[in-house]
Structures are given as structure tokens and as C-alpha cells.
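# Residue-level structural notes
Each chain is listed here by its residues.
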Amino acid sequence: AVEADVRRAWSALTGGDDTVALVVRSSSTVEDAGTSSMAGRFTSVLDVRGWAAFVDAVGAVTGSASAVTAADGSVQPMAVLVQRQVSAVLGGVLFGLDPVTGARNRVVVEVVDTRPDQLVSGTVTADHYVLSRRGRLVDRTLSGSAPPLRRSVRRRLARLASRTEAVFGSVQD
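Below, the structure is looked at part by part.

Here the focus is the sheet that holds strand E7 (residues 106-112). Spatially, 4 strands are ordered E6-E7-E8-E9 in an open sheet, and the strand pairing comes out antiparallel. Edge positions in the open sheet fall to strand E6 (91-95) and strand E9 (137-141), since each of these has one partner strand only. Taking each pair of neighbouring strands and ignoring which way they run, the sheet shows an average axis angle of 15°. Sheet topology note: the strand E8 (residues 127-132)/E9 ladder contains 4 bridges and is antiparallel. Bridge pairing in E9 places Val130 opposite Asp139.

On to the side chain of Ser64. Mapped onto the elements of the fold, Ser64 is located in the loop between helix H2 (51-63) and strand E5 (79-84). Among the polar contacts listed, one links the side chain of Ser64 to the backbone nitrogen of Thr43, at a separation of 3.0 Å.

Below, the discussion takes up a positive patch on the surface. Taken together, the side chains of Arg134, Arg150, Arg151, Arg155, Arg156, Arg159 and Arg163 define a basic patch exposed on the protein surface. Within the secondary structure layout, Arg163 lies in helix H4 (residues 151-168).

Calculation criteria
Residues numbered from 1 in each chain as written. Predicted model: local features only at pLDDT ≥ 70, side-chain atom pairs only at ≥ 80, totals over all residues. Heavy atoms only, no water. Pairing = 2+ DSSP bridges. Helix = DSSP H or I, 4+ residues; strand = E, 2+ residues; numbered from the N terminus. Axes fitted to C-alpha atoms, helices over the stretch in contact; angles between N-to-C directions. Polar contact = N/O pair within 3.5 Å; in protein donor to acceptor, adjacent residues only side chain to side chain. Patch = residues over 30% accessible without salt bridge, like charges linked within 9 Å, V, L, I, M, F, W, Y side chains within 5 Å. Areas by Shrake-Rupley, 256 points an atom, 1.4 Å probe, with all protein chains shown as cover. Salt bridge = Lys/Arg side-chain N within 4 Å of Asp/Glu carboxyl O. Lys, Arg positive; Asp, Glu negative; His and termini not counted. Charge placed at Lys NZ, Arg CZ, Asp CG, Glu CD.

As C-alpha cells, then:
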């Protein structure tokens, strides 16, 4: 019964088309907490195409839960998220505060001209932007990995950081 329900959900998401790319990833309270951000502690699988590959990817993600345990040895809770994989012009991470200094009057953007998983994995070096809360450029270090962010994009990112803070009640990345 569960497998039939999952298969129906997969079919609804892909239209039953084995060429539709999915992302199968984890979500857990131990990955993103108020004191740390550790996205990537569990396995994520990209470019998942077809039912058999989907089943394998779900198994890989759920199997990675046993790799992270609490101080008491218990396995940490984890959900499996499945999303259509989208193509992006740029990838990156937006921090609602400066993650190095803790300055709350700054927004930090790390951006690459590729998928964000390559940034998170450390295989590419990002362009680094420090912005005011209104999106004014405070500082930047360009690695040449992406075209420079236009002023309008910087402002939209700063507004996004403010909106997510308002929704969640604290700064987010």
C-alpha cells in the first residue's frame, strides 16, 4: 500500500515520464539549527530519472540517516524530500547575516555559475558578496566563477533575506 502511494506520487510529479529529472534529498532538524548550518550531513541524489533510479535514490538518502547520531547514540530524525530538478542560471547560498562575524546588518551571498551543489561540496570557489540589509554592495571578492551580480539582483536577494527572516522569526541561510 505504501509503495503504491509512493508510486502514484512519483507519477504525479513526473507525469510518468522517465526523462524528468528529480532531486531526492534529506531534511532534518540536525542539519539546520539555530546554532549551526550543516546541510549535506545526509545524502542527496541529483538527476534521478525513472522509477528504479528513484527507488535507489530514496534508499540511499534514508540509509544515510544512520551515519548521524545524537550524543546518546540515537539515530536522528530525517525526512526525504523529492522535487523536480530545475535548471538555474546561477547557484549559490544566501546568508541572512554575516556567517563569519555574526553581523546582523549584513547579508552575504556566495554565487557560482553552476549548480549550487558544486559550491556546497567545495568543488568550485564562489564569488563572495557582502551586502547591506537593503542590498547595497559593501564588499566583494570575485573568483570569476559567475558574472557580477547586478544591483537589482542584489536588492532582490537582500529583500528575500528579510522576508525569510520575517516568516521564520530568525535569520536564515
